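Report on the structure
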Amino acid sequence: QKLNYWRSHGVKNISFIRLISNVLKRQMGVALGDIYQQLYEEKEPFKVALSPFLTVLILQDMESIKDVMIKQFENFPERGFYTNHRDPLNTNLIRLEYEWWRPLRQKLTPVFSPAKMQAIFPTLLKVTELFASKVKTTMEEEENGELAIYDLCARFTTDVVGSVAFGIEFNSLEDPNSQARRQGLKIFDYVWHPILDSLAGHYRAVKNFFNIKLFKPEISGFFRKLVSNIIEYRQKNGIRREDLMDTLIELKQHDERSKQEFALSLELIVGQVFGFFGAGFETSSNTLTYVLYELARHPEIQEKARENVKEVLKNHGNEFTYENIREMQYLKQVINETLRLHPPAPYTVRVCRQPCSLTTKRGSLKIPLGTKVMIPIYGIHHNPQYYPQPHLFRPERFDANMELGCKFPSCAYMPFGLGPRICIGERLAKMLLTLSLAMLLQRYRFSCCPATPKELHFDPRKMLVLSSKEKIVLKVETV
Ligand code: HEM
């Protein structure tokens, strides 16, 4: 019956089993990218995959993508993950249902404002200095100066997010086996497989009734204790660290004083910092690794980026500040192009919460309640119509003054998503990436060595993020 409905509206279908077997073989975002490209060539706006419990609609048409993510946001306001409100780790921005998400997002948006970013810059600078020094000592220890750069980047971003979100030193640059790092990494130990998690949003009432938990109880316990200790310690001793935790504590105190209906409780703070860590750690560390990898493969681009950094620093007394890293225009282009070529979050999802229609050049299509809509970010970023020779690394694409530059529609570039549910950490991620790259380029030169992979393949087991199967090793020398 369902199949007839979609067929009668001219929507092609792919078997659900085939879709799942595809995404088990290739990384989910890359597999969706292939489907997107085929749809684009066939000028088909959608493709649907059906199962008895779930309808998945893969979008190709740019107008429909804008509709779902921006114009008709109220009809597609959630990602459809299962959220157990008795488990604080679940109740974060990424997973929350619309009714909870809306007031929380309003409250949390100022946490990432430019003023707050400026305030946490010194904390970030401190961790970045440690990172740059660690690169040097590791380089000196290693024969030939060949470094497992992916590992150092992962330890650095663990420390950054630990420091600016939780407000504690994870210390994983110095000690890769530190307790906080080991517990932090367990965030990714789901009780379930992510596919089950994704399907689970559809039987919320049943799962809530049985109080099914998504994360292991010891992880929830660890983070709850950690956050409550930090809050208690800071409140008792009147300590401020100018980090995200400070702002969250201020919001909590404000809510308690004003007796707000939707108050920021300890549980909600635990959920948010856990969410920031989950969403921010791997995405940022993969991006940093991919930028260094691309710069090692393109020495002339690396040189140009280094010149850009040196020139800006020269004009500002060789100091890294919140303001001057924003002037590093070419470095920004390098980061933008890396996020296009290897978007660390290669797709995003929305669920239809109110039956509605999407209009394409082929006519109007009614979308039934509960339809899961997939937005193939990786596929859009590799569409040769928008990005000629899409597999090439060309930062000039983001230079409005160049012939090739910025010729793509603005919605065809979305490494941080689009619309009201766009990544809340975008500003922090960009600041982290720009500062760390600027400091590394100022001090070191990166090149390929025999251990550097010739090309990247992405791990299908990491369904939500684009993670290289190959370990990225680069040769590093002082400049
Ligand atoms: C290069 C780094 C990053 C990339 C590429 C990235 C990408 C994304 C994408 C694609 C989404 C989904 C947006 C959508 O569905 O439209 C998202 C959501 C989110 N990201 Fe990021 N992210 C990054 C870093 C961070 C950082 C550093 C944090 C926090 C400290 C963060 C926190 C979040 C949160 C909380 C959400 C959910 C937003 C909501 O639903 O309201 N992300 N991110």
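- Looking at an unreviewed UniProt entry, one finds the protein named Probable cytochrome P450 6a14 and attributed to Musca domestica.
- Database annotation for the protein, UniProt heading Cofactor (unreviewed entry): "heme".

**Topic: the nonpolar core**
- By size, the foremost hydrophobic cluster in this structure holds 126 residues, and its most contacted members are V273, A438 and L474.
- Counting residues per element, this core draws most heavily on helix α13 (residues 266-297), at 16 residues.
- Apart from the residues within four sequence positions on either side, L474 is in contact with L147, I149, L292, Y293, A296, F446, S447, C448, C449 and T452.

**Let's talk about the site of the ligand**
- Around the ligand sit 25 residues in total, of which G280, A345, G417, C423 and G425 are the nearest.
- Listing elements by their share of the shell around the ligand, those giving two or more residues are α13 and α18 (426-443).
- With seven residues, the single largest contributor to the shell around the ligand is α13.
- Here the shell around the ligand is composed, by residue class, of 15 nonpolar, eight polar and two charged.

**Focus on the environment of L288**
- Within the fold, L288 resides in helix α13.
- For L288, a count of 28 C-beta atoms within 10 Å puts it in the buried group.
- Residues L288 and T338, 50 residues apart in the sequence, show an inter-C-alpha distance of 9.0 Å.
- Excluding residues that lie within four positions of it along the chain, L288 makes contacts with C153, T157, L433 and S436.

**Some thoughts on the sheet that holds strand β8 (residues 372-375)**
- Across the sheet, which stays open at both edges, the five strands sit in the order β1-β2-β3-β8-β5 with mixed pairing between neighbours. Two strands in the sheet have a free side with no partner beyond their single neighbour: β1 (12-15) and β5 (348-351). Each neighbouring strand pair of the sheet contributes to a mean axis angle of 30°, computed without reference to strand direction.
- As defined by bridge partners, β5 adjoins β8 across four bridges and the pair is classed as antiparallel. Pairing of V351 across the sheet is with K372, part of β8.

**Topic: the packing of helix α16 (residues 329-341) against α18**
- Interhelical geometry of α16 versus α18 gives an angle of 115° and a closest axis separation of 10 Å. Considering only the axes of α16 and α18, their crossing is right-handed. Every residue of α18 that contacts α16 at L331, K332 and I335 is listed here: L433, T434, L437 and A438.
- In terms of residue class, the contact of α16 with α18 is built from five nonpolar, one polar and one charged.

**Comments concerning α13**
- For α13, built from 32 residues, the straight-helix expectation of 46 Å at 1.5 Å per residue is met to within 8% by its first-to-last C-alpha distance of 47 Å.
- Along α13, the sharpest kink reaches roughly 25°, centred on G280.
- Counted residue by residue, α13 has 29 buried out of 32 residues, so it is predominantly covered.

**Notes on the pairing of strand β10 (residues 473-478)**
- Bridging between strand β4 (residues 146-148) and β10 involves three bridges; their strand directions are antiparallel. Considered in β10, the bridge of A148 is made with V473.
- Strand direction decides the pairing type here: strand β9 (residues 444-447) and β10, joined by four bridges, are antiparallel. Bridge pairing in β10 links F446 to V476.

**With respect to α16**
- Its 13 residues give α16 an end-to-end C-alpha distance of 19 Å, which sits within 8% of 18 Å, the value for a rise of 1.5 Å per residue.
- Turning to α16, the residues buried within the fold contact α13, α14 (299-314), α17 (377-381) and α18.

**Observations regarding the pairing of strand β7 (residues 363-367)**
- Bridge count for strand β6 (residues 356-360) against β7 is five bridges, and the pairing is antiparallel. Paired with T360 across the two strands is G363, which belongs to β7.
- Counting the residues that bridge the hairpin from β6 to β7 gives two residues.

**Considerations on the confidence of the model for the protein**
- Put simply, the protein has an average pLDDT of 89, and 93% of its residues get 70 or more.
- Interface scoring of the predicted complex returns ipTM 0.99; its pTM is 0.94.

**Considering the sheet that holds β9**
- The antiparallel open sheet is built from three strands, whose spatial order is β4-β10-β9. Of all the strands in the sheet, the pair left with one neighbour each is β4 and β9. The average angle at which neighbouring strand axes cross in this sheet is 40°, direction not considered.
- Together, β4 and β10 form the strand contacts of helix α7 (residues 149-166), whose direction differs from that of β4 by roughly 50°.

**Points about the packing of α14 against α16**
- Contact geometry for α14 and α16: axes closest at 7 Å, N-to-C directions at 140°. Accordingly, the angle class assigned to the pair α14 and α16 is oblique. Contacts between α14 and α16 involve I301, K304, A305, N308 and V309 from the former and Q329, Y330, L331 and V334 from the latter.
- Residues belonging to the contact of α14 with α16 are distributed by class as follows: six nonpolar, two polar and one charged.

What counts and how
Residues numbered from 1 in each chain as written. Predicted model: local features only at pLDDT ≥ 70, side-chain atom pairs only at ≥ 80, totals over all residues. UniProt positions renumbered as here; feature names shortened; annotations may be inferred. Core = buried A, V, L, I, M, F, W, Y, C linked by C-beta atoms within 7 Å. Buried ≥ 20, exposed ≤ 12 C-beta atoms within 10 Å, placed from the backbone. Helix = DSSP H or I, 4+ residues; strand = E, 2+ residues; numbered from the N terminus. Contact = placed C-beta atoms within 7 Å. Near = placed C-beta within 6 Å. Nonpolar A, V, L, I, M, F, W, Y, C, P; charged D, E, K, R; others polar. Pairing = 2+ DSSP bridges. Axes fitted to C-alpha atoms, helices over the stretch in contact; angles between N-to-C directions. Left-handed = near helix turned anticlockwise from the far one by under 90°. Expected span 1.5 Å × (residues − 1). Bend = angle between axes of the 7 residues up to and from the residue. pLDDT = per-residue confidence, 0-100. Parallel < 35°, antiparallel > 145°, perpendicular 65-115°, else oblique.

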